[in-house]
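Structural overview
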Amino acid sequence: MEILIWIYVCVVAVVLQSFQAQSQVTYASVPKSFTHDKVIVCYLTRWAAYREGDGKFDIFDTEPSLCTHLIYAFVGLDENSNKIRSIDPWQDLEVNYGLGGLKHAVELKKKNPYMKVSVGIGGWNEGSIKYSNMVADPKRRKIFVTSVVNFLEVHKLDGLDIFWDCPTQRGGKPDDRKNLLLLVKELNEAFEPNRKLLTATLRTGYMDSKMNDLYDLVQLNFYLDYMHIMAYDYHGAWEGFVGANAPLRGMDDNDILNIEYTVKYLLSFGITTNKLVLGLPMFGRTFTFNTRVVNEVEFLKTPTTTTGFAGRFSKENGFIGYNEICLQLMNKTSEWEQFWHNQTVTPYLRDDTRFISYDNTRSFANKVKYVIDSGFGGVFVYSIATDDFRGSCDEEVDTYIDFIERFNKIANVPILKTALENFNTYEIQTEYYSISNGKPRLKLPSPQFGNYPLLRTVNEAITLSLEEIKVNNEIERILDERAKLVEKGSVPCFRTCNEICFYGF
Ligand SMILES: *[C@@H]1O[C@H](CO)[C@@H](O)[C@H](O)[C@H]1NC(C)=O
Ligand SMILES: *[C@@H]1O[C@H](CO)[C@@H](O)[C@H](O)[C@H]1NC(C)=O
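Residues numbered from 1 in each chain as written. Chains lettered and ligands numbered in written order. Predicted model: local features only at pLDDT ≥ 70, side-chain atom pairs only at ≥ 80, totals over all residues. Heavy atoms only, no water.

With that settled, the discussion passes to the pairing of strand β3 (residues 69-78). Taken across its 10 residues, β3 has nine buried, putting it largely inside the fold. As defined by bridge partners, strand β2 (residues 39-45) adjoins β3 across five bridges and the pair is classed as parallel. The residue of β3 that forms the bridge with Tyr 43 is Ile 71. For β3 and strand β5 (residues 116-122), the ladder comprises six bridges, and the chain directions are parallel. By the bridge assignment, Leu 70 is partnered in β5 with Val 117. Pairing of β3 with strand β4 (residues 83-85) involves three bridges; the strand directions are antiparallel. From the neighbouring strand, Asp 78 faces β4, where its bridge partner is Lys 83. Between β3 and β4, which follow one another and run antiparallel, lie four residues, and Asn 82 among them has a positive phi close to 65 degrees. (Buried < 20%, exposed > 50% of the residue type's maximum accessible area, 1.4 Å probe, protein only. Helix = DSSP H or I, 4+ residues; strand = E, 2+ residues; numbered from the N terminus. Pairing = 2+ DSSP bridges.)

Attention now moves to the sheet that holds strand β15 (residues 346-350). With respect to topology, five strands assemble into an open sheet ordered β13-β12-β16-β15-β14, the strand pairing being antiparallel. In the strand order of this sheet, the two ends are held by β13 (319-321) and β14 (337-341), each with one partner. Within this sheet the neighbouring strands show an average axis-to-axis angle of 30 degrees, counted without direction. The pairing of strand β12 (residues 283-288) with β13 spans three bridges and is classified as antiparallel. The residue of β13 that forms the bridge with Gly 284 is Ile 320. (Axes fitted to C-alpha atoms, helices over the stretch in contact; angles between N-to-C directions.)

In this section: the site of ligand 1. Within the structure, ligand 1 sits among Asn 331, Thr 333 and Ser 334. Interatomic distance of 2.3 Å between a side-chain N/O atom of Asn 331 and an oxygen atom of ligand 1. One nitrogen or oxygen atom from the side chain of Thr 333 is found 3.3 Å from an oxygen atom belonging to ligand 1. Bound to the protein, ligand 1 loses 32% of the 360 Å² it would expose on its own. (Near = heavy atom within 4 Å. Polar contact = N/O pair within 3.5 Å; in protein donor to acceptor, adjacent residues only side chain to side chain. Areas by Shrake-Rupley, 256 points an atom, 1.4 Å probe, with all protein chains shown as cover.)

Quick look at the packing of helix α11 (residues 361-373) against helix α12 (residues 401-410) now. Where α11 contacts α12, the two axes come as close as 8 Å, and the packing angle between them is 60 degrees. Considered as vectors, α11 and α12 are oriented oblique to each other. The segment α11 lies against α12, with Arg 362, Ala 365, Asn 366 and Lys 369 engaging Ile 401, Asp 402, Phe 403 and Arg 406. In terms of residue class, the contact of α11 with α12 is made up of three nonpolar, one polar and four charged. (Parallel < 35°, antiparallel > 145°, perpendicular 65-115°, else oblique. Contact = heavy atoms within 4.5 Å. Nonpolar A, V, L, I, M, F, W, Y, C, P; charged D, E, K, R; others polar.)

Arg 249, Asn 342 and Gln 343 make up every residue found near ligand 2. Asn 342 places a side-chain nitrogen or oxygen 2.4 Å from an oxygen atom of ligand 2. Between Gln 343 and ligand 2, the recorded distance is 3.3 Å, taken from a side-chain N or O atom to an oxygen atom.

Okay, here's the thing in C-alpha cells:
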C-alpha cells in the first residue's frame, strides 16, 4: 500500500514537472582560456594554401587560442636517404625565398604559449610502400630517427605525429605492424631526453582489415603519448550506397562502421582512455543517386553511383569542406534540403540528384559530449582549413539543442537549484550554469557566428560537457545523502520521494 502511494505521488510530480518545463536559456560569451586538461589538436593541412578564392588557407588564418596542439601536415620520407624531408620546400622552408611555413607555424605560439606544435609525416598521397621499406630495416630506422630528432631541433618543433596511411595496406607488408612498433619504440627512446611529443594518427580499419591487424594497439598505447583515431571515412560513395561519413551510432547492433563500435573495440584492448583522441571531420562525403527519383533516403540502402562530386575550392571527388557546404547553404536559390539523422547523430543534405553526409556544430557538440563522458584525452579536428575559418556563413542556431533538451527536463526540479546553490557555496566556478531570479539557468555560448564555428563549438562544448557532469554528480551526491536520511527516518518521505523518483531511482 505504501509503495502504491509513493508511485502515485511520483507520477503526479513527474507529470506536473513536465508541464512546467520550458526553455530557460540565455547566452554567455565564448571562454577566454583553457580551464580544462583536454586536448584540442588542430590539423593544419598545408596544401590548402593552393585552394582558390575563399578556400585559400594561409598559415596566419590559424586561430591558436582555440587549439592546445597544432599539427603541421604533411612532411614526407625521402626513400633514398631514409630521412624526414619537406614535400613542398617552398611552402615549408625559407631557403630560396620560400614562405617558411614551419617557422610561422611555430611562431603562432606567441599568440598561445600553451600550444604545442608538432609536424605530421605521411598522409594519403605519400602512399605506404616507402614507409614499409624503411621500418623493415634497423639501419634505415636508425637514420630516420636521427633525422627526425634533428628536424624537430632545427625547426623548434614540439613533436612528431606519424600519419602512415596505412601499415600492411596499399602495397605494405604484414610485417609493417610489428616494424611500426619497433620504430615507435626507437622514436620514444630518442625523444625522451627532450620530452618531445610522440603521437600517431590511426585508421579505424582498412577494407577487410581490423584496426588491430594494422597496428599493435596494446603496445602502441604504451609508447605513444596520444593515439589520434580517424573517426570518419566510415562511409562514402565508394560503397555505392548512402551512409554517414562519421556516424556516432550504428544503424543496428550488427553495424560496426561507427564511432561507438570503434571505441568499444579499442577499449577491449585496454587502451588508456586519456590517451584516446577522437578525430572530428570538418568535411563531408558526397554522393550521387543512381536512380532518377529518390523520395526517402535510407542510410546503408539508397543506391548511389561510386563517384560523388567535388567541392568548389577543394576540387577532390567525394570530398567537400564544411566551409564549402555552409556557403552552398547560404545560397538561397540552391536546392539543398537539410536534415538531421537521429540514429547516426549527423546532419545530411540532399537535392534531386545528390547527397552529402557531413558534420556541423550540432553533431560536433554531441561528439564532444561523448568524448568527455567517456573520459577520453580530447579531440582532433581535420582540418582547420575547411572550417568556416573566414566566418563567411550564417550562424547555426541549433548547436546545443540536445543540451538544452536535457537541461529543460530537470530545469524545474528543486534539487537542481540546490546543487547549483552548493556550487556557489563551495565557490566552484561554472561558466554555463547559474541561478538568476531564483531559477536555474543554462547560459549557453552565443549562437555560432564569426569565424571558426566548428572549432569554437569544440572549445565551448568541452567546458559545457564537463560542467554538465559536475552538476549531475552533485545531484547524485545530494540524492545519496537524502536516501540515507530517509533510511534513518529523519526526513519526511514526500519531498524526497518526489525528487528521487524524478531521477528514476
Ligand atoms: C546558387 O545556386 C544556384 C542554383 O543551384 C546556382 O545556379 C548558382 O550558381 C549558385 N550561386 C553561387 C554564388 O554559388
Ligand atoms: C534518437 O535515437 C535514440 C537512440 O537510438 C533514441 O533513444 C531516441 O528516441 C531517438 N529520438 C528520436 C526523436 O527518434
